[in-house]
Structure formats: structure tokens, C-alpha cells
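# Observations on chain architecture
Single-letter residue listing:
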Amino acid sequence: MENEAFLAGGGEMGALIRAHDWEQTRLGAPHKWPASLKSAVRTMLSTRHPIFIFWGAESLCFYNDSYRPS
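Residues numbered from 1 in each chain as written. Predicted model: local features only at pLDDT ≥ 70, side-chain atom pairs only at ≥ 80, totals over all residues. Heavy atoms only, no water.

### Here we look at the side chain of asparagine 64
With respect to the helices and strands, asparagine 64 occurs in the segment after β2 (60–63). Not counting residues within four places of it along the chain, the set of residues in contact with asparagine 64 comprises Met13, Met44, Thr47, His49, Pro50 and Ile51. (Helix = DSSP H or I, 4+ residues; strand = E, 2+ residues; numbered from the N terminus. Contact = heavy atoms within 4.5 Å.)

Take a look at the structure:
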């Protein structure tokens, strides 16, 4: 994980995000993501409040463990 500390923690969803093959998406490897997305994902993974993020033209959806039941 090259410079992907922003993905640390986050419970089950954090683990799923880290395990996903992002190279097969338009986003590419997480270390290449825009700083704004990295910051939003870090915030999402580090809070207990339900959060989801839609990103990019494909509206990729990221969400945390608290949002999962929704």
C-alpha cells in the first residue's frame, strides 16, 4: 500500500475498500486519488456517523459501517 494510510481502520467497510482492486476502475490505485477524495474517505472511515460519498462521473459510492444498514 503505497501512501494509503488514509484508508487505515474503518471497520468492515474499510477492509473491503482496502481489498478492492481499484486498478480496474477509472479511479485507479488509491495513492493516485485526488486529495479531496482521500480526505473525504478518511473522514468517512474514521467517524461513527453514517456517511456515504458519491464520486465521479460513474457516481462510485463509498460508505462506512454506520451507513451499511441504510
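### With respect to the environment of alanine 57
Mapping alanine 57 onto the fold places it in the loop between β1 (52–55) and β2. Along the primary structure alanine 57 and arginine 26 are separated by 31 residues, whereas in three dimensions their C-alpha atoms are 9.6 Å apart.

### Some thoughts on the pattern of salt bridges
A side chain with one charge can pair with a side chain of the opposite charge if their charged atoms come near. A full pass over the atoms with the stated rule returns two salt bridges. One salt bridge in this structure joins glutamate 12 and arginine 68, with 2.8 Å as the shortest N-O distance. In this pair, glutamate 12 sits in helix α1 (residues 11–19) while arginine 68 sits in the segment after β2, placing the two residues 56 residues apart along the sequence. Glutamate 12 sits in the partly exposed class, given a relative accessible area of 48%. (Salt bridge = Lys/Arg side-chain N within 4 Å of Asp/Glu carboxyl O. Buried < 20%, exposed > 50% of the residue type's maximum accessible area, 1.4 Å probe, protein only.)

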